[in-house]
Amino acid sequence: WFAGRVVHSPRRSLAATHLTSNMQMAAFAPTRAMPLPGSAIISQRTALRTVAAPRVVRCEAEHTTGVSRNANLAKLQAGYLFPEIARRRGEHLAKNPDAKIISLGIGDTTEPIPEPIWKGMAEASQGLGTLEGYSGYGAEQGQGPLREAITNTFYKGTSVQADEVFVSDGSKCDISRMQAMFGSGIKVAVQDPAYPAYVDTTVMTGGTGLYNSATSQFDGITYLKCSPENDFFPDLEASAHADVVFFCSPNNPTGAAATRAQLTELVAWAKKRGSIIVFDAAYSVYISDPDCPRSIFEIPGAEEVALETCSFSKFAGFTGVRLGWTVVPHALKFADGTPVRTDWNRVMTTCFNGASNVAQAGGLACTSEAGMAAMWELVGYYKENATMLKKCFDDLGFTTYGGTDAPYVWVSMDGKPSWDSFAEILEKTDIVTTPGAGFGIAGEGFIRVSAFGHRENVTEAIARFQKAFAGKNN
């Protein structure tokens, strides 16, 4: 056996044939099974009886194809941030098998989907079992009633029309499809720190140069530094030209929500530069400050320079259900006058078969009166978690940001490398956080603490933080 396959020697002996026969009989042998590479299992007694002496098997070189690896994927420096965190968590558990891990790292919702919403999905699922309720392929752009409901619920008072709303399986997936639409010949700008998918998908589609070890960034991307010193809003005028600008508000990971004045400046800058803004509003429902818009389309003129992606993931606990949408206005056009919506529709109808019928039923239930009430209650639960965590770190003497208009608390570790802080917290408290450096070099020296968690776990985490870092102020 070699690499999970049988490698045949030039002459197949009678003993080898006998081995195969005995392997089939091994299930009846009353002895402990011994695993072999591949899927075969035989008993130790049978193996000894069958194979009298070791055989020499010639191992041929592993076969490779003639297809070259995508050079853009080869540029990526390490695994995606959250699988790397999971790997380190696994290592910690291997060393401390009795540890009771609390995860405040990845932003995954924890509370059950509210009843008015799951019932909508349950009814749709049951309907698929009837002639009257069955439906197959649907419109790739999304079901008409859901597109109308999203428009009327989340874009009231703006110029957004229902046929500009494209329902999908989530913002992260749409970000990748946007890269396919824009192609590799564009210059991209991202906030720093920012959601890793913006940079990684740009690298994958050939929109960057090589990784620059001197700067810890990719050549060819414009990084817009967002830090406490500039109130987490970049100096746009000082930045290099970019064709496409990824901008998230409330920002993941800092939790900073852009003000109306800041977004007005962003729209004016994009119009002057001829840029397109990809506005990520995945956490917009957490905004409480009336001076911080929940949609870029609350800003006059944004429909000419921006598209917006959003999701039910953090609104209604749909991280596993997978349902989101992207708004592409008719007024948004490429340099040659082609509506961006035309190309986006082409990408969606080619690369996507439409969101699940059951998931879309859940989305429609979200926009009902009962669904919205339940959704706001769920969001309020996570916002209270964020308030508790923020107060904990403030009381311990840490400087914190976010946690008010977002489900994330951005904690300064006083310049200590963030992966070191991640390791220290995990070692002292058995709590998983997210190192700020994973979101960009401007995140170095910070950790992100997620408010997505059961209340009892958040309360326990706070007690552990207080015990481990009580001496910080001394």
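Considerations on the packing of aromatic side chains
Applying the stated rule across the entire model yields 27 aromatic pairs. With a centroid separation of 5.7 Å and 70° between ring planes, the pair formed by F154 and F315 is classed as edge-to-face. With F154 in helix 6 (residues 144–154) and F315 in helix 10 (residues 313–316), the pair connects residues that are 161 residues apart, well separated along the chain. Aromatic rings pair up to connect F82, F232, Y401, W410, F439 and F446 into one cluster. In this structure, R88 is placed above the aromatic ring of W419, and the distance from its NZ or CZ to the ring centre is 3.9 Å. The ring of Y381 carries the charged tip of R455 above its face, separated from the ring centre by 4.4 Å.

Quick look at the pattern of salt bridges
Under the definition given, this model contains 14 salt bridges. Two residues, K272 and E237, come together in a salt bridge whose shortest N-O distance is 3.1 Å. With K272 in helix 9 (residues 260–273) and E237 in the loop between strand 8 (221–225) and strand 9 (244–248), this residue pair connects regions lying 35 residues apart in the sequence. When its relative accessible area of 48% is taken as the criterion, E237 is described as partly exposed. The shortest N-O distance in the salt bridge between E384 and R455 comes to 3.6 Å. Taken as a pair, E384 in helix 13 (residues 369–395) and R455 in helix 15 (residues 455–468) lie far apart in primary sequence, 71 residues in all.

A look at the nonpolar core
Ranked by size, the top nonpolar core spans 82 residues in total, and within it F182, I277, F318 and W325 carry the most contacts. Residues I102, F398, M413 and I462 belong to the second largest nonpolar core, which totals 21 residues.

Overview of the sheet that holds strand 14 (residues 408–412)
Taking strand neighbours across the sheet as the criterion, the four strands line up as 13-14-17-16 in an open arrangement whose pairing is antiparallel. Across the chains shown, the open sheet's two edge strands, defined by having one partner strand only, are strand 13 (400–402) and strand 16 (434–435). Here strand 13 runs beside strand 14; their pairing, made up of three bridges, is antiparallel. Within the sheet, the bridge partner assigned to G402 lies in strand 14 and is V409. Strands in contact with helix 14 (residues 418–429) are strand 16 and strand 17 (446–450); relative to strand 17, the strand with the most contacts, it is inclined by about 50°.

Cut-offs applied
Residues numbered from 1 in each chain as written. Predicted model: local features only at pLDDT ≥ 70, side-chain atom pairs only at ≥ 80, totals over all residues. Heavy atoms only, no water. Phe/Tyr/Trp six-rings, centres within 6.5 Å; stacked < 30°, edge-to-face > 60°. Helix = DSSP H or I, 4+ residues; strand = E, 2+ residues; numbered from the N terminus. Lys NZ or Arg CZ within 6 Å of the ring centre and 35° of its normal. Salt bridge = Lys/Arg side-chain N within 4 Å of Asp/Glu carboxyl O. Buried < 20%, exposed > 50% of the residue type's maximum accessible area, 1.4 Å probe, protein only. Core = buried A, V, L, I, M, F, W, Y, C linked by side-chain atoms within 4.5 Å. Pairing = 2+ DSSP bridges. Contact = heavy atoms within 4.5 Å. Axes fitted to C-alpha atoms, helices over the stretch in contact; angles between N-to-C directions.

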